[in-house]
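Listed here are the chains, written in short residue letters.
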Amino acid sequence: LCGSLHDQKAVNLCGMIKTAAKRAEKLTRQLLTFSRQQAVNPQGINVAQRIRELAELLRSSMADDVEVTLDIPDERSPVKVDLSEFEVAVLNICVNARDAMPDGGRLTIGARNVTLSGDAATDNLKGPFVEVSFADTGTGIPPDIQHRVFEPFFTTKDVTKGTGLGLSQVYGFVRQSHGHVAIYSGVGVGTTIKIYLPRHVGDEDERETVLPRLDPSLLTGDESVLLVEDQSAGTIDEVLG
């Protein structure tokens, strides 16, 4: 519709409508996730492997003076969750950590297999779980508002910098995945968020994602290679391995 308009004012108004609609769509999705009414598509994933794959994206979303380190043992950590919601939850937590470190700092992301024994700190959950932790060295959260951080629209950020829906999406995703999320924080010492997802044992876990490699014997020398890269890369031989 916008493409068929010729009046610049109408085009601008149409663009504003599209932007508002997209924001409304995002807001509705986040609220549905919080209320656990969002349609999900659970699949088996290895949390440790997926976080390693996301590492560069997470680092690029941080400020230059924020160091991101991974503390992930060389072990499988299989869960069955909605992959897109998991990735959004991870990104939301990391962005909150970034904003809590305006003067730089360190974010440590960990993943390990744990067995919960029904402790109140983990919502009385029992059995095998995967614990994913995010520890920052930021400003921390005052104890009197820590219990509110997962509420929709609650935020300590400036009105132009946050909607208050990031951590509520995390809460909704984790609860919908039959897990638990906990926060530990101290003013001036940073914040740690831990999410617990049920460990999954099934056919999906037994298969790692393996990218296919081209058999060199099939090459004739007349092939064309399309390479798209937004950062500087090495030679074509280095890229193709």
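Residues numbered from 1 in each chain as written. Predicted model: local features only at pLDDT ≥ 70, side-chain atom pairs only at ≥ 80, totals over all residues. Heavy atoms only, no water.

Caption draft 1: Molecular detail of the pattern of salt bridges. Applying the stated criterion to the full structure yields seven salt bridges. A salt bridge links R50 to E53; its shortest N-O distance comes to 2.4 Å. One end of the pair, R50, and the other, E53, are both in helix 2 (residues 47-60), three residues apart, so they sit about a helical turn from each other. Here E53 falls in the partly exposed class, since its relative accessible area comes to 43%. The partner of D99 in a salt bridge is R98, with the nearest N and O atoms 3.1 Å apart. In this structure D99 comes out as partly exposed when scored by relative accessible area, which is 34%. Overall, the relative accessible area of 28% leaves R98 in the partly exposed class. Via salt bridges that share partners, R50, E53 and E87 belong to a single interconnected network. (Salt bridge = Lys/Arg side-chain N within 4 Å of Asp/Glu carboxyl O. Helix = DSSP H or I, 4+ residues; strand = E, 2+ residues; numbered from the N terminus. Buried < 20%, exposed > 50% of the residue type's maximum accessible area, 1.4 Å probe, protein only.)

Caption draft 2: Representation of the packing of helix 3 (residues 83-99) against helix 4 (residues 166-176). Where helix 3 contacts helix 4, the axes come no closer than 9 Å and their chain directions differ by 140 degrees. Here the hand of the crossing between helix 3 and helix 4 comes out left-handed. The residues of helix 4 that touch helix 3, namely those facing E85, F86, V88, A89, N92, I93 and N96, are G166, L167, Q169, V170 and F173. Taken together, the residues that form the contact of helix 3 with helix 4 break down as seven nonpolar, four polar and one charged. (Axes fitted to C-alpha atoms, helices over the stretch in contact; angles between N-to-C directions. Left-handed = near helix turned anticlockwise from the far one by under 90°. Contact = heavy atoms within 4.5 Å. Nonpolar A, V, L, I, M, F, W, Y, C, P; charged D, E, K, R; others polar.)

Caption draft 3: Representation of the confidence of the model for the protein in the model. Per-residue confidence for the protein gives a mean pLDDT of 80; residues scoring 70 or more make up 69%. When pLDDT is averaged over each helix and strand of the protein, the minimum, 46, is found for helix 5 (residues 236-240) and the maximum, 97, for strand 7 (residues 190-198). pLDDT under 50 marks residues 204-212. Its contacts with residues more than four places away, or in other chains, come to 11 contacts. (pLDDT = per-residue confidence, 0-100.)

Caption draft 4: Up close: unusual backbone geometry. In this structure, N124 takes a positive phi of about 60 degrees despite not being glycine. Considering the arrangement of structural elements, one finds N124 in the loop between strand 4 (105-117) and strand 5 (126-136). At H178, a position not held by glycine, the phi torsion is positive, near 65 degrees. Relative to the helices and strands, H178 resides in the loop between helix 4 and strand 6 (180-186). Since its relative accessible area comes to 61%, H178 is described here as exposed.

Caption draft 5: Main features of the sheet that holds strand 6. The strand order 2-4-5-7-6 describes an open sheet built from five strands, whose pairing is mixed. The outermost strands of the open sheet, each flanked by one partner alone, are strand 2 (66-71) and strand 6. Recorded for the sheet is a direction-independent mean angle of 20 degrees between the axes of neighbouring strands. Against the sheet, helix 2 makes contact with strand 2, strand 4 and strand 5, and its axis sits at roughly 170 degrees relative to strand 2, the strand it touches most. In the packing of helix 3 onto the sheet, the strands contacted are strand 4, strand 5 and strand 7, and the crossing angle to strand 5 comes to about 35 degrees. (Pairing = 2+ DSSP bridges.)

Caption draft 6: Inspection of the pairing of strand 3 (residues 78-82) at higher detail. In terms of residue burial, strand 3 counts as a mostly covered element, since four of its five residues are buried. Bridging between strand 1 (residues 42-46) and strand 3 involves five bridges; their strand directions are antiparallel. By the bridge assignment for strand 3, N46 is matched with P78.

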